[in-house]
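What the coordinates show
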Amino acid sequence: MSTADVTATGDVLGDTEHVEPRGRLSRFGEIPVHISLLIVGLIVAMPIIIALFMSFTPLPEIVGRANPKLLPDTWTLENYDKAWTASPFPRYVLNSFVQTGFITLGQVLFSVLAGYAFAMFDFRFKNALFAMVIGSLIIPFELTFIPNFLLISDLGWANTYQGLVVPFLASAFGVFMLRQFFMSIPRDLYEAAKIDGASDWFYLWRVMVPLSKGAISAFTIFAFLGAWNQYLWPLVITNEESMRTAQIGIRFFLVNQERATDWGAIMAGAMIVMIPTLVVFIVAQRQLVKGIAMSGLKG
Amino acid sequence: MAQTMEGKAGATSQAPPHRRHRRRYNRGAYFYLFPTFLILAIFIYYPIIESFRLSLNRVAPFGGKELFVGFENYTRLLQSADFWNTVKVSLWFMVGTVPVGIGLAVAIAILLSVPLKRLSGIYRTLIFVPVVISSAIAGVLFRLLYNPVVGFFNHWLSLIGVDGPNWLNEQTWALVAVTITVVWRQLGFNVIIALAGIQQIDDNLYEAAKVDGAGVFKRIWHITLPMLTPTLFFLTIVNVIISLQAFGEINILTDGGPGRATTNLVYQVFVDGFVGTHFVGRASAQAFMLAILIIAISFIQFRGLGKRVHYQ
């Protein structure tokens, strides 16, 4: 129902695969387009494809070849074994999951709450407060990360999960996005529920959230990717190996293994760090793409 | 930041008047807002002020002793050749990434906008995938590609008879190497935005042009690109901001080097604030200048938005 109007505005890329042909550049004919897109696609994905194959190539093959080659002659899993055991990679990945899990949970929960208040309630200073949320979107991280570093260090939270997580528990983008969606749900529904004696709290969790599953899961994807891919903050706020996230771990792993030119192990490590985001990409590609496209169109 | 304008417009529009008298101020609202504002206050609003305050102090590397020095950090920076070099690196980097990144994205998006009976899903997957790749991973993947022994770039170049450079160890090429990497990581995002813009264009325009006998390239030049200007404007702003903030790739590929060849403003803030002796005041001063530049650019987008509304 109400999801329909939102998808109508948001579905700019259409049903990616089943969109009706529009006859835009049809003079081209399909074949040259297929060939160009295949070449472009392979070039763009090439760094990942190379990493994938190299992660299965034995070390002697990589360093022994006169020229780099894409496919391994013999396939091996020993690079993954090495990456997983030769450095605290399991710990890095665990740290990343804890950090990302809490950040995502916090951002989604708090954005649902704040987005709901901005969408449904009237209250004093509403416009000013909303402007403050939106204004924070244009504050670049350069401006905040030094004071935040000093604050977190003073709290003794360097090298802790709190230090990694707490500064990112809220998301202005999430508040904005969910507010927009909540406002698209007919207000009559709310008025009717109120007449039936439903509380605001009840209405949020029993009506609003179930109706907004699409928008909430889209934001969850953004929050997850943003948190998992964080780099500068975890780099400065952790200096103990046991608290590094996967993104930071791969940097130090690279520095150590490069001396041994162990590129197979490095690429296995890179694949391990990438896999959660690649899985999200493959499972939720349409939602992700739609969400990004909307951000551009709204301008 | 993309959505900013709309949000403001939305915030001021309220329920229709006939309904308004029934709505009362809801005190409970603050309960829902509290967690978000608590976090934003501590980790965004307060640091803005604190950042500026720090930039007016000389901060002792150890023990956190501070000495108020007014604008000394700023004046010293403006007189230092190293500072202007980081500005230069940032600008070259911007000039290198933004036009190339957007040009490629638009070309690819035009190809993707051609309706195909099959396989378009696969092409999209291959082309969009950098969207989920982190700056750290992009750095690691390209570090392999640039490697003079096991890397692929110089091997490919040798196939066409070109003797590839020592990418990461030569001043000019190191900057090019970082530029290519960032263009790649941004490409998925840029193509998605460009494609969305192209698909907003009214089909009738193309039909009319076809009737008039305009060929493919004429149609791209006279219809697609002009109609796409709002999207191009948006992409330019976003990409300029992203290029000014590039950090992860530099940290992994070149560590700001060789020499200072790839030390942009963000990287210098990081080095001053967190590497070796900490110059927190100087780092804050640079961060503040960079932030003002970025915020100013964001405001340009704000204002440009008015034009785009007429467009549609």
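Structural notes on helix H4 (residues 78–86) of chain A
All names here are of chain A. Looking at H4, one finds that the buried residues are Asn79, Tyr80 and Ala83. Seen along its axis, H4 keeps its buried residues to an arc of 100°; they face one direction. Structural note: H4 exposes Thr85 and Ala86 on the side pointing more than 90 degrees away from its buried face. Residues of H4 that are buried sit in contact with helix H2 (30–54), helix H5 (89–120), helix H14 (246–259) and helix H15 (263–283).

With respect to the confidence of the model for chain A
Of the residues in chain A, 89% reach a pLDDT of 70 or more, and the chain-wide mean stands at 87. Below pLDDT 50 for its whole length, residues 1–23 of chain A participates in 40 contacts with residues either more than four positions away or in separate chains.

Re a nonpolar patch on the surface
Together, Ile31, Ile35, Ile39 and Ile43 of chain A make up a nonpolar patch on the protein surface, roughly 420 Å² of accessible area in all. Following the sequence through the fold, Ile39 of chain A ends up in helix H2.

A short note on the pattern of salt bridges
Under the definition given, this model contains 15 salt bridges over all chains. With a shortest N-O distance of 3.8 Å, Lys117 of chain B and Glu30 of chain A are connected by a salt bridge. Residue Lys117 of chain B is located in the loop between helix H5 (81–112) and helix H6 (120–128), and its partner Glu30 of chain A is located in helix H2; the two belong to separate chains. Owing to a relative accessible area of 69%, Lys117 of chain B belongs among the exposed residues under this scheme.

Topic: the interface of chain A and chain B
With 116 residues of chain A at the interface, the matching set in chain B holds 124 residues. Surface buried jointly by chain A and chain B totals about 11100 Å² across both partners, of which 72% is contributed by carbon and sulfur atoms. Inspection of the chain A/chain B interface yields 1 salt bridge. At the junction of chain A with chain B, the criterion picks out 18 residue pairs in polar contact (both at pLDDT 80 or more). Residue contributions to the side of chain A that touches chain B peak at 17 residues, all from H2 of chain A.

Topic: the side chain of Arg65 of chain A
All names here are of chain A. With respect to the element layout, Arg65 can be found in the loop between helix H3 (59–64) and H4. The buried category is assigned to Arg65, whose relative accessible area is 19%. Setting aside anything within four residues of it in sequence, one finds Arg65 in contact with Thr57, Leu71, Pro72 and Asp73.

Section: the packing of helix H7 (residues 141–154) of chain A against helix H14 (residues 265–274) of chain B
H14 of chain B packs onto H7 of chain A with a crossing angle of 10° between their chain directions and a minimal axis gap of 11 Å. In terms of orientation, H7 of chain A and H14 of chain B fall into the roughly parallel class. Facing H7 of chain A, whose interface residues are Phe141, Glu142, Phe145, Ile146 and Phe149 of chain A, H14 of chain B presents Val266, Val269 and Phe274 of chain B. Residue classes in the contact of H7 of chain A with H14 of chain B are distributed as 7 nonpolar, no polar and 1 charged.

Some remarks on the side chain of Ser87 of chain A
Residues and elements named next belong to chain A. Within the secondary structure, Ser87 is located in the loop between H4 and H5. Look at Ser87 and you get buried, because its relative accessible area is 14%. Apart from residues lying up to four places away in sequence, Ser87 is in contact with Lys82, Tyr92 and Phe253.

Brief notes about the nonpolar core
Grouped together as the largest cluster of nonpolar side chains are 190 residues, with contacts concentrated most on Tyr116 of chain A together with Leu141 of chain B. Ignoring any residue separated from it by four or fewer positions in sequence, one finds Leu141 of chain B in contact with Pro47, Ile48, Ala51, Met267, Ala270 and Met274 of chain A together with Trp184 of chain B. The next biggest cluster of nonpolar side chains, apart from the first, holds 5 residues, and it includes Ile201, Tyr206, Ala214 and Ile223 of chain B.

Observations regarding the packing of helix H9 (residues 172–184) of chain A against helix H12 (residues 213–228) of chain A
Residues and elements named next belong to chain A. Where H9 contacts H12, the two axes come as close as 10 Å, and the packing angle between them is 165°. Regarding the angle of H9 to H12, the classification is roughly antiparallel. Remark: the crossing between H9 and H12 carries right-handed chirality. Packed against H9, whose contacting residues are Phe173, Gly174, Met177, Leu178 and Phe181, the element H12 presents Ala215, Ile216, Ala218, Phe219 and Phe222 at the interface. Looking at the contact of H9 with H12 residue by residue, the class counts come to 9 nonpolar, 1 polar and no charged.

Reading guide: rules and limits
- Residues numbered from 1 in each chain as written.
- Chains lettered and ligands numbered in written order.
- Predicted model: local features only at pLDDT ≥ 70, side-chain atom pairs only at ≥ 80, totals over all residues.
- Heavy atoms only, no water.
- Buried < 20%, exposed > 50% of the residue type's maximum accessible area, 1.4 Å probe, protein only.
- Helix = DSSP H or I, 4+ residues; strand = E, 2+ residues; numbered from the N terminus.
- Arc of directions from axis to C-beta.
- Contact = heavy atoms within 4.5 Å.
- pLDDT = per-residue confidence, 0-100.
- Patch = residues over 30% accessible without salt bridge, like charges linked within 9 Å, V, L, I, M, F, W, Y side chains within 5 Å.
- Areas by Shrake-Rupley, 256 points an atom, 1.4 Å probe, with all protein chains shown as cover.
- Salt bridge = Lys/Arg side-chain N within 4 Å of Asp/Glu carboxyl O.
- Buried area = accessible area lost by both parts, 1.4 Å probe.
- Polar contact = N/O pair within 3.5 Å; in protein donor to acceptor, adjacent residues only side chain to side chain.
- Axes fitted to C-alpha atoms, helices over the stretch in contact; angles between N-to-C directions.
- Parallel < 35°, antiparallel > 145°, perpendicular 65-115°, else oblique.
- Nonpolar A, V, L, I, M, F, W, Y, C, P; charged D, E, K, R; others polar.
- Core = buried A, V, L, I, M, F, W, Y, C linked by side-chain atoms within 4.5 Å.
- Left-handed = near helix turned anticlockwise from the far one by under 90°.

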